[in-house]
Every structure is written in structure tokens, then in C-alpha cells.
Amino acid sequence: MSTEAHAAEGATGYIIHHLTSLSVGEGFWRLNLDTLFFSVVLGGVFIWFFKRAAEKATSGVPGLVQNFAELLIEFVDGQVKDTFHGRSQLIAPLALTVFCWVFLFNFMDLFPVDILPSIAGMMGVEYLRVVPSTDLNATFAMSISVFCLIIFYSIKVKGPIGFAKELMFQPFGPWMLPFNLLLKLVEEIAKPISLALRLFGNLYAGELIFILIALLPWYIQPLLSFPWAIFHILIITLQAFIFMVLTIVYLSMAHEDH
Amino acid sequence: MSINATLIGQMITFALLVWFTMKYIWPPLFDSLEERKKKIADGLAAAERGQEQIILAEKKAITVLKEAKERSAEIVTLAQKRANEIVEESKHNAKLEGDRLILSAKAQVDQEIQQAREGLRQEITTLALAAAQQILGAEIDKSKHQDILNKVSNQLG
């Protein structure tokens, strides 16, 4: 996927232009400024909203903001309680953050594809990708963080030896040690990769379809982009939910001895 | 479109967000939820208690009403009895008073009869004397014939 090659014109050029990040630096040390900018801003929105609710939280009659925040909290807490049976200060807030942040990432997808890049173009910014979750860096950042937590909790709960034993002796017993190790490693590594790629793939494809629809004549566009946007409301929520639930599931698996 | 240092920036942002949520957002909201849950539970319990108390109070009210009815019936019976007694008493008193009045009237009548009789006797004595004087044509000495006069007078009385 060499979106850097943006010399092409016409439809291909348009698509490539939309999928190119605003970035600085070279090689690995390239920074996708748009991803960083939007994710920080959306994180700020999330924090601002919940902080407001948290500051005004009362046990009496809740206001609108608090009510909504509590709805989400109860929803996330219910999910955590269903799956995770240990005690953890981290896991529920983590799940809430994951859900809201991913949802806000995905929500950027519902803005018409040309609006924000055009505004940025007027201000002299050439490239802008507004949906952070169509950037592998954003999805992998979360899934690798979760992966680190999985490893951390596995070692913390089971002990280094216990964890090593689980890697080597399961599921087929000590006589199949190399095979077990291979299987386990694949299983563990598949977690962050599938987590990141699932979200990325869904949103990237969704965004691509929005871009393709935007290439059609104007009188056909609403006919297609309206149902797709409606469908996308489901997709973005579902993807955020899946990311959250899988995070909870992986972490609860890390907490459990087999 | 490849993995680059953005990843690290995103991871730091993510870690910060999670930390912030854990520290400042989750606990107050969750606590208020728990507190409200408790309040609601307490309220429901109180409502149930209230219901029970109402049932108890109703039972008590029924007993009290029953007692009051019995008591009032008793009072009415007593009052009727008392009223009968009063009526009887006043009848009795009236009868006594009537008898007394009759007796005193009788006594008065007797007295008057006595007086009238006395008067008549005197008059008759005088008349008899006058008649005797006429018949005998002679004077009758009152002092000589006192005995006879007294006898006559006594016979008249």
C-alpha cells in the first residue's frame, strides 16, 4: 500500500490524496501529525465530557451529562463484571477509555470525507486524514498497550514460572513442549495483531467506500452515502464495542489460571 | 501508510488517557452510582416497611373501632338503664308528693269540717234554747240547765 506515491491524477489521485497522512520526519521516525492531533483532541473531548460529569456527580437526581456518562459507565461495568471475575482497579476504566476513544476515532468517519481536508487545505495543510483508526499506528498503539498489559498481568498473577509453564506445557502436556510453545506464542501474538487489524480494516474499508462514493456524480452520492452512513453508525459502535470486549476478555484470560 | 513513530506517540497518549480515566473519572462516577443504588434500595425498603406499618395500623384501627363500638353500646345500655331509673324515681317521687298533697288536703278538709261542725253546734244550741224558751214559755235558767244543754250539745256533735 504505497500511498506515498501521490503523483497520480484523477480518481486514483483523489483516493491516494485522501489516504495520505500529514506527516513529518523520515523512515520509522515519521510522525503522522493528523493522527496524533485528532486522537489527542478526541481524547480531550472524552476527558472533558467525563470530567464534567465526574465533577458534578451526585447520588441525587442526575443531570443530562451525568446520566449519559453513567449510562456508559454502567454499560462498561456490566461488560467487565460479566467477563472478568477478579478484582482490578485498572480494567474497567481501561475498558471505558478504549470504548469511548475508539468510538470517537470511528465517529470521525461520519464527517463527509471532503469537509475537514478542504478546510485544512484552505489553511495550507496539504494532506489530512481525519479518522485516526484508519491509521495502523493508532490501532496498533492500543492493541500493543493492551498486549503489554496482558503480559504484565499474566506474569503478575501467575508468576514468571507459572506463566512460562503455561506457555510450555499447555495445551498438550510436557512431551509436546516445542509445539506447545509455538502454539502459545502464536496465540498470544495473534491477540494484538487481530485486535489492531480488525479495527483498522473495518474503518479503512469504510472510509475507502465513502471516498469511492464521493467520486460518483453528486446526484447519486446521497443515495449511496446515506445508507452507508447509517450502516456505519452500527459499524463504528460495534467495532468500538468489540475492541473493548476483547480487551476485557484478554485481560481476564491473563488473570485466570488454566 | 506504514508503522512509524506515531505508534509511540499514540501509546503514550493512550496510557495517559487510561491513567486519567482511572484516577479522576471512574471513581467519582462509579461511587455516585453505587450511592444512588443504595439510596434507591433504602427507599424501596422504607416503602415496604411503610406498607407493613399500614397493614398493622389498619388491623389496630379495626380493633380500636370494635372496642369503641362495644364501649359505646355499653354506654348506651347504661344510659338507658339510668334513664329508666330516673323515670322510675321521679314517678315514685311524684306519687309520694301526690300522696302528701292528698293527705294535707284531707287534713285541711277535716279541720274545716270540724270547725263547721263546731259552729253549727253552737248555732243549734242557741236555736234549741230559743225554741225551748218559746215552747215552754218560761225562762230557762241557763245555769240551772247547763247539764241538759251540754248533753244535747254532745248528742249533736
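Keep in mind that this is a model prediction, so the values were computed, not measured. (Residues numbered from 1 in each chain as written. Chains lettered and ligands numbered in written order. Predicted model: local features only at pLDDT ≥ 70, side-chain atom pairs only at ≥ 80, totals over all residues. Heavy atoms only, no water.)

Caption draft 1: Molecular detail of the packing of aromatic side chains. Residues and elements named next belong to chain A. In this structure the tally under the stated criterion is 20 aromatic pairs over all chains. Note on Phe-107 and Phe-111: the rings are 6.2 Å apart at their centroids and 85° apart in plane angle, and the pair reads as edge-to-face. For Phe-111, a relative accessible area of 35% puts it in the partly exposed group. An aromatic cluster is built from Phe-75, Phe-99, Phe-103, Phe-107, Phe-111 and Phe-241, whose rings are joined through pairwise contacts. (Phe/Tyr/Trp six-rings, centres within 6.5 Å; stacked < 30°, edge-to-face > 60°. Buried < 20%, exposed > 50% of the residue type's maximum accessible area, 1.4 Å probe, protein only.)

Caption draft 2: Broad picture of helix α6 (residues 136-169) of chain A. If you check α6(A), its first and last C-alpha atoms are just 34 Å apart, much less than what 34 residues at 1.5 Å a residue would give, namely 50 Å. Bending of α6(A) peaks at approximately 110° at the position of Gly159(A), with proline Pro160(A) no more than four residues after it. (Helix = DSSP H or I, 4+ residues; strand = E, 2+ residues; numbered from the N terminus. Expected span 1.5 Å × (residues − 1). Bend = angle between axes of the 7 residues up to and from the residue.)

Caption draft 3: Up close: the nonpolar core. In this structure, Phe46(A), Phe50(A), Ile73(A), Val80(A), Leu94(A), Leu96(A) and Leu29(B) are the most contacted members of the largest nonpolar core, which totals 60 residues. Here the element with the most residues in this core is helix α4 (residues 91-107) of chain A; it accounts for twelve residues. Core analysis: the second largest hydrophobic core is formed by 14 residues, Val113(A), Ala141(A), Phe200(A) and Ile211(A) among them. (Core = buried A, V, L, I, M, F, W, Y, C linked by side-chain atoms within 4.5 Å.)

Caption draft 4: Region of interest: the side chain of Ser145(A). Of note, Ser145(A) is situated in helix α6. Here the side chain of Ser145(A) touches Ala141(A) through a polar contact of 2.6 Å, landing on its backbone oxygen. In this view, Ser145(A) contacts Phe140(A), Met11(B) and Phe14(B); residues no more than four positions away in its chain are not counted. (Polar contact = N/O pair within 3.5 Å; in protein donor to acceptor, adjacent residues only side chain to side chain. Contact = heavy atoms within 4.5 Å.)

Caption draft 5: Up close: the confidence of the model for chain A. Residue and element names in this part refer to chain A. Confidence in the prediction of chain A, expressed as mean pLDDT, is 85, and 96% of residues score 70 or more. The spread of mean pLDDT over the elements of chain A runs between strand β1 (residues 23-24), the lowest at 79, and α4, the highest at 91. Segment residues 1-7: pLDDT under 50, and eleven contacts once partners within four positions in sequence are set aside and those in other chains are kept. (pLDDT = per-residue confidence, 0-100.)

Caption draft 6: Summary view of helix α8 (residues 221-255) of chain A. Its 35 residues place the ends of α8(A) 49 Å apart at the C-alpha level, agreeing with the 51 Å of an ideal helix rising 1.5 Å per residue. A bend of about 25° at Phe231(A) is the largest found in α8(A).

Caption draft 7: Examining the packing of helix α2 (residues 33-55) of chain A against helix α3 (residues 64-83) of chain A more closely. All names here are of chain A. Relative to each other, α2 and α3 sit at 105°, their axes nearing to 9 Å. When the axis of α2 is compared with that of α3, the two are roughly perpendicular. Of α3, the residues touching α2 (which contributes Phe-49, Phe-50, Arg-52 and Ala-53) are Val-65, Gln-66, Phe-68, Ala-69, Leu-72 and Ile-73. Of the residues in the contact of α2 with α3, the class split is eight nonpolar, one polar and one charged. (Axes fitted to C-alpha atoms, helices over the stretch in contact; angles between N-to-C directions. Parallel < 35°, antiparallel > 145°, perpendicular 65-115°, else oblique. Nonpolar A, V, L, I, M, F, W, Y, C, P; charged D, E, K, R; others polar.)

Caption draft 8: Local environment of the interface of chain B and chain A. Between chain B and chain A, the contact holds 30 residues from the first and 56 residues from the second. Overall, the association of chain B and chain A removes approximately 3,800 Å² of surface from exposure, summing both partners, and the carbon and sulfur fraction of that is 74%. Between chain B and chain A we count one salt bridge in total. With its nearest N and O atoms 3.0 Å apart, the salt bridge here joins Arg36(B) to Glu70(A). Where chain B meets chain A, there are five residue pairs in polar contact (both at pLDDT 80 or more). (Buried area = accessible area lost by both parts, 1.4 Å probe. Salt bridge = Lys/Arg side-chain N within 4 Å of Asp/Glu carboxyl O.)

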